[in-house]
Structure formats: structure tokens, C-alpha cells
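# Tertiary structure, described
Next come the chains, spelled out residue by residue.
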Amino acid sequence: MSAFKRTNVIFTAAIISYFPAWYYVHEIVCSNTWSRGMLLFSIMYIGLIELLCFLLDRKGSKESIVWALLYLLQSIAMYCWDMQSVLGFTQILFWHLSAVYYALARCGGLSENRTGRMLIADLCAGIFILPWKNIFLRIRTIAAYISCVNQDIRKTAAGLLTAAISLLCLIFVFTQLSQASSSFAYLTDSALRLFSRMLNINSILYILFSLPVGMWLFGLIGGTLNRDDPVFSCEKIDQWVNTHQMCSFLPSSILLILLNAVYLLFFGLSVQEFLAASSQGLSAPHAASFAVSGFYQLCNMVIFNTMILSVIGAFAKSKNSNSVLRTSSFVFSLCSILFALLDFGKLYTYIHLYGITERRFTAFFALIWLLGLSILMLISQNKPVNVKRIAFLSLVIGFTVLSLFNISSIVDAMNSRYTSDINEVIHANIAESPKANF
């Protein structure tokens, strides 16, 4: 592609980017029906990025199709069900995260051209480095284009003078013709009223607020397209990790052994406490404390364990050659699975005794993902598994599918069915009892 054509494409994208930014501020940030505006914005966002990449002949990652679909499905869910109370701000977070990651995947900003071990670095580049480093890229692009096209000052001055004279002539003609025709005067007044509404204080504020939004978006997209390579290099990261690898297995082994001892002690006491409370009958507050505290404990422990094993796996030389470290890592991953199974038991008991709610329904899906992540970490101790890739994709896909459900309606239907089943069992027991036969 010629440099002139590339300059024209980037300049056109810089001009067009003003409208999606204005729409985002007007219809999403400052609107009561913001969830409805997300669908149209996502269509504009994907369409403009696809057109821009097509004109610049940017291939990007094949995963971009998946991320575009997930982004659209999340927008459709918001359009259909609005923001569901049980998911809350998480829907907004995932919606923006999917938009940023789609732009990286489509514009060629992923370090490995796919989701992989550089996931955290790519997210940091897309959220912080690229947009903020190129925050003034749109201004520079427009200014550079104008300076290249209008190098002759006389031509520029003549153009501005011609535009001013034409505007004055049009105003004079419209004023005179409005006095000669009532229909033309009505048309002129309508146009002036529309123009005045566009220039009222609210419209001006929307335009002003949309300027930094558009600069951030163009910084992300344009900044990614202007680079031939991603922000972070896998080779450089690997070289840095190799030079800082641990020479001894002893610190990692001691750490994992101590943590395993604490986890197994905690697991044994938790099981004993839960079984003792269940045998005596769980009240609603007691069952809730078991389920809720267990869920948050599991979330913290699985994330913490994943981070520990990831760091050890990256900085330990030939971890499989040391039997103590390999065994302690296996037990460490097994503890996460045991925690997940225990929390499944607590949540099942809570639901069985007191029914299902939207939070318990959502917690069930979250536990499935956490259990899957724990199993992945266990498998990765013996086989090479891209845990980050599978975990991140399954998280976003699972959340997107969950957001497509009308959770409140599903919970109401499940509770009504659960109540009817209990009533049938109670009536059947009464009919079989001696008093009933008597």
C-alpha cells in the first residue's frame, strides 16, 4: 500500500471516530436507556475496525472473529434483558474488556497473534499503554494531513476567504427569500431551530465529553495499526525469564509444602465442621454463611494458587526433574480441587434446603469455572497445557452465555417446579400414612 493511501485512510478514520465517541457519550454514558445503545455502538465499533483493517490490509488474529461474536452477544444480552441485577457492574466490565481485546486481536496487537501466556501483558498494553501513549494521535493525524495537503499558504487563505464569502452570500439570500415566501420562511425557521438545538449547552457538553473518549479509542486502534510489532515481545520476555530462573528448588519446595500443610489442615477442619452442622440441622443464616464464605475463600485460593504455580513454573528450571517440587505442586493443585468440591457440597446443601436465588444460580456457574481451572492446573503439572488461554476463553465465553439467560425468569421457574415437587411428595406421604387410611 502506498504511503499516500495509508495517510488518507488513517485521516478518514480519525474524522469518522468523532461520531462513535459522541454516540457513546450521548447514548450510553448520559442516557437512561444506555443498555439499548450498546448494541448499535458495538455494531459501529466492529464495522469501523473491520473496514479500517480491510483498507490497510491488516490480517490480525483468527481469534478476532470469536471476540467480535462474543462482543455482539454481550451487547444483545444487554439489549434484551438490560443489566441484570445479579451480574451488575460485571457486565459493563466484560463488555469493555471484550471491546479492547477484539481491537487488539483484529489489529494485530496480540504478542503471539493469539491468546496465550502473554495474556496479562497484552491486556495491559490494550488498556493502558497503547491508548494513553497515543492519546494525541488523532490530533497529530489531522494536523499532519492538513499540513501536507495545504502547503501553499495562499491557497489556504483563498479557500478560507471563499468559504466566508459563500456563507455571507447564503445568509443574505435566505433572508431575502424568506420574506418573499411563507413556505420558504417556514423551512428556514425549521433549519435554524434544528441548528440552535444542535448548538445548545447540552449538545456542546456531549461533544466536549466525547473528545477524550474518541482520542482514547483512536489511540487504541490507530496506535495498534501504526505498529508493525506488538508492544511486548515474547522473545524478550523469555530471555528475561531465563536469566532470572531459580538455581535451587529448595525455596519453592518449602513454600509449597508449608502451604499444602495449611490447606490440608483447613480442609479437614472445614469438612468436620460442615458435617457436624449438617447432622444437627442447618438454619438459613448458618447455611448461608457456609456457602458464601466458602465461595469467596475458593475464589481467593484458586487465583492465589494459580499465580503461585505460574510463577514457579516460569522461574523453576526443569521442574519435572525434581520429585519433591513436582509432588508438592501436584498436591497444591489437588487442594484447589478439594476446596471446589467442598464448596459445591455447601452450595448444594444451601439450595436443597432453602431454594435457589439469582446469586446462588450465578455462583454455581462460577464454581464450575473455578473447578475447571483447578483441574487444568493439575493436568498442567504433567502435560503442557496453555492454562491462561483456556481459562480466559472459557471465562469470557461462559460469562457471555450466562448473560444471555434471563436469570430471574429461570430462577422463578426452577423455584416453582421445586415447590411443586415438594408438595407432591408431601401429599404422597400423607396419603400413605395410617391416619390417612383410617
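Please refer to the structure higher up on the page.
Reading the values: rules and limits
- Residues numbered from 1 in each chain as written.
- Predicted model: local features only at pLDDT ≥ 70, side-chain atom pairs only at ≥ 80, totals over all residues.
- Heavy atoms only, no water.
- Phe/Tyr/Trp six-rings, centres within 6.5 Å; stacked < 30°, edge-to-face > 60°.
- Helix = DSSP H or I, 4+ residues; strand = E, 2+ residues; numbered from the N terminus.
- Buried < 20%, exposed > 50% of the residue type's maximum accessible area, 1.4 Å probe, protein only.
- Lys NZ or Arg CZ within 6 Å of the ring centre and 35° of its normal.
- Salt bridge = Lys/Arg side-chain N within 4 Å of Asp/Glu carboxyl O.

On to the packing of aromatic side chains, then. Taken as a whole, this structure holds 22 aromatic pairs when the rule is applied. Seen from their ring centres, Y45 and Y71 are 5.8 Å apart, and the 70° between their planes marks the pair as edge-to-face. Residue Y45 is located in helix α3 (residues 34–55), and its partner Y71 is located in helix α4 (residues 64–81); the two are separated by 26 residues in the primary sequence. According to the relative accessible area criterion, Y71 is buried, its value standing at 0%. Considering the side-chain rings of F344 and F364, the 5.8 Å spacing of their centres and the 80° angle between planes classify their relative orientation as edge-to-face. Pair noted here: F344 is in helix α14 (residues 323–354) and F364 is in helix α15 (residues 358–379), with a separation of 20 residues, a long-range link. Put simply, the rings of Y24, F41, Y45, Y71, W95 and Y102 touch in pairs and so form one group of aromatic residues. Directly above the ring of Y79 sits R36, whose terminal nitrogen or CZ lies 5.2 Å from the centroid.

Think of it this way: side chains of opposite charge can pair up when their charged atoms draw near. Across all of its chains, the model carries four salt bridges by this definition. Between E50 and R106 there is a salt bridge whose closest N-O contact spans 3.0 Å. Linking E50 in helix α3 with R106 in helix α5 (residues 89–107), this pair joins segments that are 56 residues apart in sequence. Overall, E50 belongs to the partly exposed group, its relative accessible area being 29%. The class for R106 is buried, based on a relative accessible area of 11%. With a closest N to O distance of 2.1 Å, E63 and R389 form a salt bridge. Of the two residues, E63 is situated in the loop between α3 and α4 and R389 in helix α16 (residues 387–404); the sequence distance between them amounts to 326 residues. Take E63 and R389: they sit in the same class, and that class is buried.

On their own, these measurements won't tell you what the molecule is for.
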